[in-house]
Every structure is written in structure tokens, then in C-alpha cells.
Amino acid sequence: MREALQRIQELLDSGTPFVVVTLVDEKGSTPQDAGSRMLVINSGRHWGTVGGGRVEAKALNVAAEFLNESNPTHQTRLVHWSLNKDVGMTCGGAVTLFFERHHAHPWTIVIYGAGHVAQVLIPLLLTLDCRVVCLDSREEWLGQLPASPKLEVRHEPDLPATVESFPETAFVLLMTQGHATDRPILQRFLERGDQAFLGVIGSRAKGATIRKELAESGLSEKQISGFCCPLGLSLGTNHPQEIAISITAQLLHERDCQFGVIHTRNSLPEVI
């Protein structure tokens, strides 16, 4: 158990995508006892075993498929296999395997600006299963962010020039020093095409001004509709801590909507 936990911690610290496969139950004749573990990375089995032979080969295939699956809302999977019917072994037993995925296709959140709200928002986001990138032209603000293997800090004097370095699947938040520095970045993203999520912090008045200027610059209505401003759900006060919570709630809602996740909780407040 100790060695397994040490190996898992090493992979977590390095940011390596991996799957922990645990034999949680076994019945009848099986090649390994319950509690055995195997760690699987993109190149194959990294450590441990859940029985060898056909059971392990099937578990490796499932783990490899799981690593390549892009849905960030499902990080675990439980399977029940009859060794005879499902695996093709002559043993008459059955196994239950638990697959737990880490660092695979992380949910990437890109934040332009390391100011007061970002200083509160980023530590909150780092508690989630995501990867955060923060860019700013001000080194002194970047230097105040927490150190984390899940956070990439980039000092960039020319922020609009960095747009092409991010995939369309990234969630992008524009929280720079103001309208004058947010809009050039926003326009680059809108001109490039669909972004999974694109939001700008500010008031309704700021949002209206940005939309007017984008229209005057030649962008179509469809392009202009590709971002939201104000950023965050309609709840809380204007304190940075509460703004950070409202933004995080909106990001979770948008992420789940994209992957068809439906929660049986209270309805969400109106997004503004």
C-alpha cells in the first residue's frame, strides 16, 4: 500500500496523465486478490498488477481508452467482469475493477490578468480538477500568485499576440486592467472562431460598450455573440471573494452543459 501511494504521489506531482486500476472485489477463482493496484500511463503499465494475463490486458485497454476520453466530468469508472464470459478465461470467477483517472485531458482555464479578483479566483480554481494559465504584462502581480503544479504563470508584454497559443477547448477569462486592454484580446479570440467559453469581467455598461465597438470594427452579430459580459452568475456582492465564487459557479455550469451533465439540484440563478 505504501509503495502504491508513493508511486501515485510521484505521478500527481509530475502532472503525468495516469489511471489507477484497483481490484475492489473478487469472487471464485481469480488471478489476484482484492486490493491489488495497477498504475497505467499513456505508454502502458507503469507499476503494479491486477492479475496479469487476459484480465490485465483487458484492464490496460480500458485504462488506455479512459485516458483518451475527453469528458472532464467523469473521472472514475467501475466495471464488473465475469472471467469466463467477459474476459475469455476458463476460470469461473468474477472481478470488480475501479478505474480512477488523473491529469488526463485537463479542463484548461486561461485567465488574462492577475489583479485583485484573479488573486482570489485562481486559488479557488486550483482546488478543482483543472489546469490554470494566468498571463499578465505586470510581473509584480504574477509574483503574488500561489505556486502550484496546476498553475502556469506567463509574463507576456503583448497579451493579444498569445491568443493563438491556446486551443478552442480552453475556457478563457479576460480580467486585465480594463476595457482598453481587454478588448484587443477579446477581438482576437472572436475573429479566430468559436471558443468553448469566453468571458469578460465588468459591468453591463462595459459589455454594451464592447459590443458596440466590436460591431463598428466589422465583426458580425454571430461573432459578437461569442462572449459573455458581465462574467459570473447573478449572485453575491462586488467583493472579490464573492465575485470569484460567482465566476467559478458559472464555469462549472458551462462545463457541465457542454458535456450534458444534469444535476438534480436547485435551479440556477439567471446568468447576466
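No experiment lies behind these values; they were computed from the predicted model shown.

## With respect to the pattern of salt bridges
Then step 1. The full count for this structure, using the stated rule, is 11 salt bridges.
Then step 2. For R7, the salt bridge goes to E3, with nearest N and O atoms at 3.4 Å. Residue R7 and its partner E3 are both found in helix α1 (residues 2-14); the two are separated by 4 residues, about one turn of the helix.
Then step 3. Using a relative accessible area of 27% as the deciding quantity, one classes R7 as partly exposed.
Then step 4. Taking relative accessible area as the criterion, E3 reaches 40% and is therefore assigned partly exposed.

## Here we look at the nonpolar core
Then step 1. Counting 28 residues, the largest nonpolar core has I109, I111, I122, L173, I247 and L251 as its most contacted members.
Then step 2. Mapped onto this core, the elements with two or more residues apiece are β6 (107-112), α3 (116-125), β7 (130-136), α4 (139-142), β9 (171-174) and α8 (240-258).
Then step 3. It is α3 that provides the largest number of residues to this core, a total of 5 residues.
Then step 4. If we skip the residues at most four places from it in the chain, I109 touches L125, C130, R131, V132, V133, F171, L173 and L251.
Then step 5. Core analysis: the next-biggest nonpolar cluster, separate from the first, contains 22 residues, L159, L174, L198 and F227 among them.

## Points about the packing of helix α5 (residues 179-192) against helix α6 (residues 204-216)
Then step 1. Orientation of α5 relative to α6, taken along the N-to-C sense of each, is 55°, at an axis distance of 11 Å. The pairing of α5 with α6 is recorded here as oblique in orientation. Read as a crossing pair, α5 and α6 show a hand that is right-handed. On the side of α5, the interface is formed by H179, D182, R183, L186, Q187 and L190, while α6 contributes K206, T209, I210, E213 and L214.
Then step 2. By residue class, the composition of the contact of α5 with α6 is 4 nonpolar, 3 polar and 4 charged.

Reading the values: the criteria
- Residues numbered from 1 in each chain as written.
- Predicted model: local features only at pLDDT ≥ 70, side-chain atom pairs only at ≥ 80, totals over all residues.
- Heavy atoms only, no water.
- Salt bridge = Lys/Arg side-chain N within 4 Å of Asp/Glu carboxyl O.
- Helix = DSSP H or I, 4+ residues; strand = E, 2+ residues; numbered from the N terminus.
- Buried < 20%, exposed > 50% of the residue type's maximum accessible area, 1.4 Å probe, protein only.
- Core = buried A, V, L, I, M, F, W, Y, C linked by side-chain atoms within 4.5 Å.
- Contact = heavy atoms within 4.5 Å.
- Axes fitted to C-alpha atoms, helices over the stretch in contact; angles between N-to-C directions.
- Parallel < 35°, antiparallel > 145°, perpendicular 65-115°, else oblique.
- Left-handed = near helix turned anticlockwise from the far one by under 90°.
- Nonpolar A, V, L, I, M, F, W, Y, C, P; charged D, E, K, R; others polar.

Structural measurements only, silent on function.
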